[in-house]
Amino acid sequence: MSRRPWLGLPAALALIGCAGAEQKDVSEGGSDGAVPQDSGEAEPAAGPSAYEAPAAEAPAPLSLDVLQMGLDRGLSAIVSARPAELHAAQHDAMAHPEGPCPGLFASVGFTTAWSNDCATRAGWAFSGRAQAAWLSNLTVDGVLVRQYGEFITTATYTHPGGAALQLDGRGELRLVEGAAGSSYAASLVGTFGYTPSATAWRSLPWLEGAPSFSLSWQGEDAVGGGRWLELEGGSSGGDAVSEGILGLRAEGLRVERAGPDGDCSATGALALLGERGDRYRLALDGPCEACGPLLGPDGAALGEVCPDLSPLLGGEERPW
């Protein structure tokens, strides 16, 4: 029987070595047996893809009935505001100190200040800090300043009967009287509230709901009966809120009447702020009780609204 030639031992070992070398190349990275080292550099990652926000739909405009109600409520809130009452109420509370409570001290200009959290034996309570002045009948450079007030306050004043006045902001007021009549300037910036009690201290219904103001008044009452009032800024919260509306803003608004029997006219603009961030604007240039086109958030006319601005000039009752 024939036999296949036998491979000698050296040839067999050579074949085994070649097979091992080929296996090492695959498993260890090279025929020289060296193990490849990690360079520490990661493969560059793909950057984040750009975010494409879904197209936002503009809120549908509010109805004219809702907007008319917003104008009426906003104007009523501004008409009812009485800045002088905040100055007077704060002055009244600060007139009841006891020893270190609240610890009054002279501050900048005419103001008196305090910073405390305390109560007197009579029941007055003070919490926070304040700097205020409320002065009457000053003569400055020959001009009679009938009333002067200023405050910058973050405080709560509590009456012994339980009523509490909360002030978080600042205010200024000046009433000047002369031969030609009286002129008035005031401003309120901040949030102000009043919590009444069964025992009356002050009647401040215009502070119900803690409204916020960023509003300035400037006006004049002439001896002959003429009046004008300029408003810049507005009110939100409290009585200024109505369905879908957060507040009302006056933009360069001026209302005036030439005499006691004269017609009331208005110039400037009113702007309503919707609760969804939408704004509505009414330009004024004519009688105080005229109708005009209200512009929506996109500037398009929505229809006519009819505000009554004559209460801003009032009767005998004035903001001062």
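Look a little higher up for the structure.
Here we look at the nonpolar core
Piece 1. With 61 residues, the main nonpolar core has Y157, L165 and L309 as its most contacted residues.
Piece 2. When residues in this core are grouped by element, the largest group, 6 residues, is from helix α3 (residues 83-94).
Piece 3. Setting aside chain neighbours within four positions, we find L309 in contact with L75, L253, V255, A266, L270, L284 and C288.

With respect to the packing of aromatic side chains
Piece 1. Considering all chains together, one arrives at 8 aromatic pairs under this definition.
Piece 2. Ring geometry for W124 against W201: centres 5.4 Å apart, planes inclined by 80°, an arrangement best described as edge-to-face. Taken together, the positions of W124 in the loop between β2 (112-119) and β3 (125-140) and W201 in the loop between β6 (181-195) and β7 (212-222) put the pair 77 residues apart, joining distant regions of the chain.
Piece 3. W124 gets classed as buried once you look at its relative accessible area, which sits at 6%.
Piece 4. Judged by relative accessible area, which is 13%, W201 ranks as buried.
Piece 5. Between F126 and Y157 the ring centres are 6.0 Å apart and the planes differ by 80°, which places this aromatic pair in the edge-to-face class. Of this pair, F126 sits in strand β3 while Y157 is found in strand β4 (residues 143-158), placing the two residues 31 residues apart along the sequence.
Piece 6. Following the ring pairs from residue to residue traces out a cluster consisting of W114, F126 and Y157.

Some words on the pairing of strand β5 (residues 164-178)
Piece 1. For β4 and β5, the ladder comprises 14 bridges, and the chain directions are antiparallel. Directly across from Q147, in β5, lies its bridge partner L175.
Piece 2. The turn joining β4 and β5, which pair antiparallel and follow one another in sequence, is formed by 5 residues; a positive phi near 110° is taken by G162.
Piece 3. Bridge count for β5 against β6 is 15 bridges, and the pairing is antiparallel. Across the sheet, the residue bridging to D168 is T191, located in β6.
Piece 4. In textbook terms, the turn of a hairpin is the stretch between consecutive antiparallel strands, and for β5 and β6 this stretch comprises 2 residues.

A word on the state of the cysteines
Piece 1. Tallied over the entire structure, the rule returns 3 disulfides.
Piece 2. For C101, the disulfide goes to C118, at an S-S distance of 2.1 Å. Here the S-S torsion is close to 90°, and the disulfide linking C101 with C118 is therefore right-handed. With C101 in the loop between α3 and β1 (105-106) and C118 in strand β2, this pair connects stretches of sequence that are 17 residues apart.
Piece 3. Taking relative accessible area as the criterion, C101 reaches 5% and is therefore assigned buried.
Piece 4. The residue that forms a disulfide with C291 is C306, at a sulfur-sulfur distance of 1.9 Å. Taking the torsion about the S-S bond as the criterion, the C291 to C306 disulfide, at about 100°, is right-handed.

Some remarks on the environment of E251
Piece 1. The residue E251 is located in strand β9 (residues 245-257) in this model.
Piece 2. For E251, a relative accessible area of 26% gives the class partly exposed.
Piece 3. Taking the C-alpha atoms as reference points, E251 and T267, 16 residues apart in sequence, are found 9.5 Å from one another.
Piece 4. Beyond its immediate chain neighbours, meaning those up to four positions away, E251 contacts E232, G268, A269, A271 and R281.
Piece 5. At 2.9 Å, the side chain of E251 forms a polar contact with the side chain of R281.

As for the side chain of D278
Piece 1. Within the secondary structure layout, D278 lies in the loop between β10 (264-274) and β11 (279-287).
Piece 2. Given a relative accessible area of 4%, D278 falls into the buried group.
Piece 3. Of note is the side chain of D278, whose polar atom sits 3.1 Å from the side chain of R276.

What counts as what
Residues numbered from 1 in each chain as written. Predicted model: local features only at pLDDT ≥ 70, side-chain atom pairs only at ≥ 80, totals over all residues. Heavy atoms only, no water. Core = buried A, V, L, I, M, F, W, Y, C linked by side-chain atoms within 4.5 Å. Buried < 20%, exposed > 50% of the residue type's maximum accessible area, 1.4 Å probe, protein only. Helix = DSSP H or I, 4+ residues; strand = E, 2+ residues; numbered from the N terminus. Contact = heavy atoms within 4.5 Å. Phe/Tyr/Trp six-rings, centres within 6.5 Å; stacked < 30°, edge-to-face > 60°. Pairing = 2+ DSSP bridges. Disulfide = S-S within 2.5 Å. Polar contact = N/O pair within 3.5 Å; in protein donor to acceptor, adjacent residues only side chain to side chain.

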